Amino acid sequence: MPLTGLSILVVEDDYLIALDAEQMLRGAGATEVVISTRADFPETLASRKFDIALVDTGVDGSHVAEDLALARKAGVRIAFTTSDITLVAGLAGYDGVRFIDKPYNDQYLQALAELVRSRS
């Protein structure tokens, strides 16, 4: 399975969306999937080693720079999920950072995780 051996952190305040992402990632072979809320993200990120963080941008996208800095400091590859891609489209300084629309399907989320994994 393409995600075997990966530990993935899903940061999402909507619990049902987080559970859906967890199920998709586990179905793609992720070894560990940890769910965190936006408020707990820094603490959860620091609690263990993750390979990938899939982080919801939030309604206004105001946490993107902060989240990106946290992930880079922790050595974690990061991708952002958003319900409104227009909020982040063309943001300066985010070349190479991946943003995906929600809702997403199994293949899209798996492909994104594989892409982030391959950028190591």
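Up top you'll find the structure we're talking about.
Residues numbered from 1 in each chain as written. Predicted model: local features only at pLDDT ≥ 70, side-chain atom pairs only at ≥ 80, totals over all residues. Heavy atoms only, no water.

Trainee: So what about the environment of Arg-48? Which residues, and what values?
Mentor: Locating Arg-48 in the fold gives a position in the loop between helix H2 (41–47) and strand E3 (52–56). The class of Arg-48 is partly exposed, set by a relative accessible area of 41%. Spatially, the C-alpha atoms of Arg-48 and Ala-30 are 16 Å apart, while their sequence positions differ by 18 residues. With near-sequence residues (within four places) excluded, Arg-48 lies in contact with Glu-32 and Val-34. Among the polar contacts made by the side chain of Arg-48, one reaches the side chain of Glu-32 at a distance of 2.8 Å. (Helix = DSSP H or I, 4+ residues; strand = E, 2+ residues; numbered from the N terminus. Buried < 20%, exposed > 50% of the residue type's maximum accessible area, 1.4 Å probe, protein only. Contact = heavy atoms within 4.5 Å. Polar contact = N/O pair within 3.5 Å; in protein donor to acceptor, adjacent residues only side chain to side chain.)

Trainee: Account for the nonpolar core, naming residues and giving values.
Mentor: Within the largest apolar cluster, 19 residues are counted, with the highest numbers of intra-cluster contacts made by Leu-3, Ile-8, Leu-25, Ile-52, Leu-54 and Leu-109. Those elements giving two or more residues to this core turn out to be strand E1 (7–11), helix H1 (15–27), E3 and helix H4 (106–118). In terms of residue count, the dominant contributor to this core is H4 (four residues). If sequence neighbours within four positions are ignored, Leu-54 has contacts with Ile-8, Leu-9, Val-10, Val-11, Leu-25, Ala-79, Leu-109 and Leu-112. If you look at the next biggest cluster of nonpolar residues, it comprises 16 residues, including Phe-50, Val-55, Ala-71 and Phe-99. (Core = buried A, V, L, I, M, F, W, Y, C linked by side-chain atoms within 4.5 Å.)

Trainee: Which residues make up H4, and what are the values?
Mentor: For H4, which comprises 13 residues, the first-to-last C-alpha distance of 18 Å matches the rise-based estimate of 18 Å (1.5 Å per residue) to within 8%. Those residues of H4 hidden inside the fold are in contact with H1, E3, strand E4 (77–82) and strand E5 (98–101). (Expected span 1.5 Å × (residues − 1).)

Trainee: I'd like a rundown of the packing of H1 against H4, residues and numbers included.
Mentor: Any two packed helices are characterised by the angle at which their axes cross and by the distance between the axes. Two elements in contact, H1 and H4, have axes whose closest approach is 9 Å; the angle formed by their N-to-C orientations is 70°. When the interaxial angle is binned, H1 and H4 end up roughly perpendicular. The interaxial crossing formed by H1 with H4 has right-handed handedness. Contact with H1, carried on its side by Ala-21, Met-24 and Leu-25, involves Asp-106, Leu-109 and Ala-113 of H4 and no other residues of that element. Partitioned by chemical class, the residues of the contact of H1 with H4 number five nonpolar, no polar and one charged. (Axes fitted to C-alpha atoms, helices over the stretch in contact; angles between N-to-C directions. Parallel < 35°, antiparallel > 145°, perpendicular 65-115°, else oblique. Left-handed = near helix turned anticlockwise from the far one by under 90°. Nonpolar A, V, L, I, M, F, W, Y, C, P; charged D, E, K, R; others polar.)

Trainee: If you had to explain the side chain of Thr-57 to someone new, which residues and values would you point to?
Mentor: You can see Thr-57 is positioned in the loop between E3 and helix H3 (64–74). A relative accessible area of 2% places Thr-57 in the buried class. Among the polar contacts listed, one links the side chain of Thr-57 to the side chain of Thr-82, at a separation of 3.2 Å.

Trainee: I'd like to hear about the pattern of salt bridges, residue by residue, with values.
Mentor: Counted under the stated rule, the structure contains six salt bridges. Between Arg-48 and Glu-32 there is a salt bridge, and its shortest N-O distance comes to 2.8 Å. Taken together, the residues Arg-48 in the loop between H2 and E3 and Glu-32 in strand E2 (residues 32–36) connect sequence positions 16 residues apart. The salt bridge partner of Arg-77 is Asp-51, with a shortest N-O separation of 3.9 Å. Highlighted residues: Arg-77 in strand E4 and Asp-51 in the loop between H2 and E3, separated in sequence by 26 residues. (Salt bridge = Lys/Arg side-chain N within 4 Å of Asp/Glu carboxyl O.)

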